[in-house]
Amino acid sequence: LALEMCRKRGLKWLLHIDSDELFHVENEENTIHAHFAKLERDNVMALTYTNHEGVPENLNVTSKRQDYFRTITLFRRHFLSLKMSSEVRECMKWWERRTKHGQYFLAYDNGKSVTRVLDNVVPRSVHRWRLPEKYESRNLTSLIDSRSLDIKRVYANPGACVLHYVVCGLDWFWSKYKILGNFPSAWFGGTMPIAPCFHT
C-alpha cells in the first residue's frame, strides 16, 4: 500500500522505520537529499542500514516537557560497527549482564532497509525488501556480518543509520503497552514465548 502511494505521488524511495525510530545522516554535508542522490549514482536499488539503540539516562524521559528524540544522546552502537578490543568487549558484557538472556540489544540487530519505488517490490519483513530479479544484485547492506557475508552486496559506510529509541523511560513503556493492548504471550504465532510474567 505504501509503495503504491509513493508511486502515485512520484516519490523515488521508501524507508521502513517505526514511530520510535529516526533516520540519521552522519554529517551536515550529507543531507538526506545528497544521501539518496549518491545511492542513485551508485546504482543502489535497496539498502539495509545499521541500527543503534537509544539508552534513557533517567526514568522520566517522556514527561510532557521532554521529547526523547531530543533528550536521549546515549546509544548502544551496533556490535558490527564497533572496533572490537578487550575494553569494548567488557562494555558489551556490561550491557549483556543487564538482561536475563544476555542480550546486548533489547530489540532487533538486523537493521532497517530502504528501497527504490519500483514495480513488483515486496517486503520480505519489516527489515528487508525483495526486489525484482533483475535488481536483486543491487539489494545491498551496510551490515558486514560474517554469518551471511556476501561481499558483492556490501555497501560500506553509507553515511546514514537508523536510531531506535526502543524503551525511553517508564511512561513511554506504559503508554506503548496500553496502545498494543492485551496481546498474546508469544510472538510469531506462538513459536516464540514472551516471559510468562510479562502481563503482570
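Please refer to the structure higher up on the page.
Treat the numbers as computed from the prediction; the structure is a model and nothing was measured.

Colleague: Any chance you could break down the sheet that holds strand β6 (residues 112-116) for me, citing the residues and the numbers?
Modeller: The 4 strands lie next to each other as β1-β6-β3-β9, forming an open sheet whose pairing is mixed. What marks the edges here is a single partner per strand, and that holds for β1 (13-15) and β9 (139-141). Across the sheet, the mean angle separating the axes of adjacent strands is 15° when strand polarity is ignored. With 4 bridges joining them, strand β3 (residues 46-49) and β6 adopt antiparallel strand pairing. Bridge pairing links Leu47 to Val114 in β6. Helix α2 (residues 32-41) rests against β1, β3 and β6 of the sheet, and its axis sits at about 130° to β3.

Colleague: Talk me through the sheet that holds strand β5 (residues 75-76); I want residue IDs and the actual numbers.
Modeller: Think of a sheet as strands paired side by side through backbone hydrogen bonds, with each pair either parallel or antiparallel. On the basis of which strands lie adjacent, the open sheet formed by 4 strands has the order β2-β10-β4-β5 and mixed pairing. The two strands at the open ends of the sheet, each matched to only one other strand, are β2 (21-25) and β5. By the bridge criterion, 3 bridges tie strand β4 (residues 51-54) to strand β10 (residues 160-164) in an arrangement that is parallel. Paired with Asn51 across the two strands is Val162, which belongs to β10. Lying on the sheet, α2 is in contact with β2 and β10; it crosses β2 at an angle near 75°.

Colleague: For the environment of Tyr108, give the residues involved together with the corresponding values.
Modeller: Looking at the secondary structure, you find Tyr108 in the loop between α4 (86-96) and β6. We classify Tyr108 as buried; its relative accessible area is 14%. As a C-alpha pair, Tyr108 and His52 span 56 residues in sequence and 9.5 Å in three-dimensional space. Not counting residues up to four positions away in its chain, the partners in contact with Tyr108 are Glu21, Asn51, Glu53, His127, Val162 and His164. Among the polar contacts made by the side chain of Tyr108, one reaches the side chain of Glu21 at a distance of 2.3 Å.

What counts, and where the lines are drawn
Residue indices begin from 1 for each chain and proceed along its sequence in written order. Owing to the predicted nature of the model, reporting of local features is limited to residues with pLDDT of at least 70; listing and counting of side-chain atom pairs is limited to 80 or more, with chain, interface and lining totals taken over all residues. With hydrogens and water stripped out, all remaining heavy atoms of the structure feed into the side-chain values. If DSSP finds at least two bridges between two strands, the strands pair. Helix and strand assignments come from DSSP, with helices taken as H or I runs of at least 4 residues and strands as E runs of at least 2, each series counted from the N terminus. In this analysis, axes come from line fits to C-alpha atoms, helices being fitted only over the stretch in contact, and the angle between any two N-to-C directions falls in the range 0 to 180 degrees. The contact criterion used is simple: two residues touch if any of their non-hydrogen atoms lie within 4.5 Å. The cut-offs for exposure are 20% and 50% of the maximum accessible area for each residue type, with area from a 1.4 Å probe on protein chains only; residues under the lower value are buried, those over the upper are exposed, and the others partly exposed. Counted as a polar contact is a pair of N or O atoms within 3.5 Å, where, for protein atoms, one must be capable of donating a hydrogen and the other of accepting one, and residues adjacent in sequence contribute only when both atoms are in side chains.

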